[in-house]
Amino acid sequence: MKQVIGMVMLVLAITGCQTRPQSALFDDLGGMTGIENIVDGFLVRLGSDPRIAAHFIDVDPVRFREKLIEQFCAESGGGCEYTGDSMKDSHAGMNVTHTDFNALVEDLIAAMEAEDVSVSAQNRLLKRLAPMSKDIIE
Ligand code: HEM
């Protein structure tokens, strides 16, 4: 019996018994540190992308960063709560086009590439974000 309990504990230790719910995607993005690094790289790219940078000139960078981190964490199953405005409200009146949206997605892909996120994990995050386009593009 002792040996069985020992084995069970060993398996739990190896597989990592998490105290908060986390998904494979959250882990594949590098956990919270990975998501923070992705968002930081993403923000730098958005701000220097001549196709869409103008949209972000008056944005509060601290809030935007915080909400994006929460959103990516929540969408990837990392157990965060997204506390920002809805995608419809936060993009209302911005006249975001399909071309703008695609440019932003390219910047996000580049930020994930820079953090060595696998293509599979990139696609899984993008798949979660893609349906938001209906609330963002006018
Ligand atoms: C999948 C695509 C997108 C996602 C997931 C996304 C996500 C977000 C999030 C989480 C916020 C913060 C909301 C808040 O402050 O409560 C935000 C705000 C904002 N987004 Fe997006 N966004 C996307 C596409 C775009 C595009 C294509 C543009 C323009 C080119 C854009 C421009 C902005 C701007 C300017 C703000 C700041 C609004 C403000 O502070 O009033 N977003 N977005």
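See the structure printed just above.
The text that follows walks through the structure, step by step, so that each part is easy to find. These numbers were taken from a predicted model, which means no experiment stands behind them.

**Examining the overall build of the chain**
Next up, step 1: In terms of regular secondary structure, the chain is built from eight helices and zero strands.
Next up, step 2: What you see in the chain, going N to C, is helices and strands ordered as α-α-α-α-α-α-α-α.
Next up, step 3: Counting contacts in the chain only where the partners sit at least 6 residues apart, residues at least 24 apart contribute 72% of the total.
Next up, step 4: Of the roughly 8600 Å² of accessible surface on the chain, 59% is carried by carbon and sulfur atoms.

**Quick notes on the coordination of the iron atom of the ligand**
Next up, step 1: From the protein, the iron atom of the ligand takes a single donor atom, His91 (NE2), 2.0 Å away.
Next up, step 2: Relative to the elements of secondary structure, His91 occurs in the loop between helix 5 (87-90) and helix 6 (98-114).

**Let's talk about the site of the ligand**
Next up, step 1: The immediate surroundings of the ligand are formed by 23 residues, with His55, Arg63, Phe64, Asp85 and His91 found nearest.
Next up, step 2: Contact between the ligand and Asp85: an oxygen atom at 2.7 Å from a main-chain N or O atom of the residue.
Next up, step 3: At a separation of 2.8 Å, a nitrogen atom of the ligand approaches a polar side-chain atom of His91.
Next up, step 4: More than half of the atoms of the ligand fall within 2 Å of the grid points belonging to the largest pocket.
Next up, step 5: At the level of elements, helix 4 (61-75), helix 5 and helix 6 are the ones that each hand at least two residues to the shell around the ligand.

**Considering the layout of surface pockets**
Next up, step 1: In this model, the largest pocket occupies a volume close to 750 Å³.
Next up, step 2: Phe56, Phe64, Leu68, Met87 and His91 are the residues nearest the centre of the largest pocket, which is lined by 30 residues in total.
Next up, step 3: Among the elements of the structure, helix 4, helix 5, helix 6 and helix 7 (119-129) are those that each provide at least two residues to the lining of the largest pocket.
Next up, step 4: Counting residues per element, the lining of the largest pocket draws most heavily on helix 4, which supplies six residues.
Next up, step 5: Of the residues that constitute the lining of the largest pocket, the class distribution is 20 nonpolar, five polar and five charged.

**Some thoughts on unusual backbone geometry**
Next up, step 1: A positive phi is found at Asn95, a non-glycine position, where the angle reads about 55°.
Next up, step 2: Tracing the sequence through the fold places Asn95 in the loop between helix 5 and helix 6.

What counts and how
- Residues numbered from 1 in each chain as written.
- Predicted model: local features only at pLDDT ≥ 70, side-chain atom pairs only at ≥ 80, totals over all residues.
- Heavy atoms only, no water.
- Helix = DSSP H or I, 4+ residues; strand = E, 2+ residues; numbered from the N terminus.
- Contact = heavy atoms within 4.5 Å.
- Areas by Shrake-Rupley, 256 points an atom, 1.4 Å probe, with all protein chains shown as cover.
- Donors = N, O, S within 2.8 Å, 3.2 Å for Na, K, Ca; no water.
- Near = heavy atom within 4 Å.
- Polar contact = N/O pair within 3.5 Å; in protein donor to acceptor, adjacent residues only side chain to side chain.
- 1 Å grid on protein atoms, 1.4 Å probe; cavity = no way out; pocket = protein on both sides within 12 Å on 5 of 7 lines; lining within 4 Å.
- Sits in = over half its atoms within 2 Å of the grid points.
- Points joined across faces, edges and corners; volume = space filled by probe spheres on them.
- Nonpolar A, V, L, I, M, F, W, Y, C, P; charged D, E, K, R; others polar.

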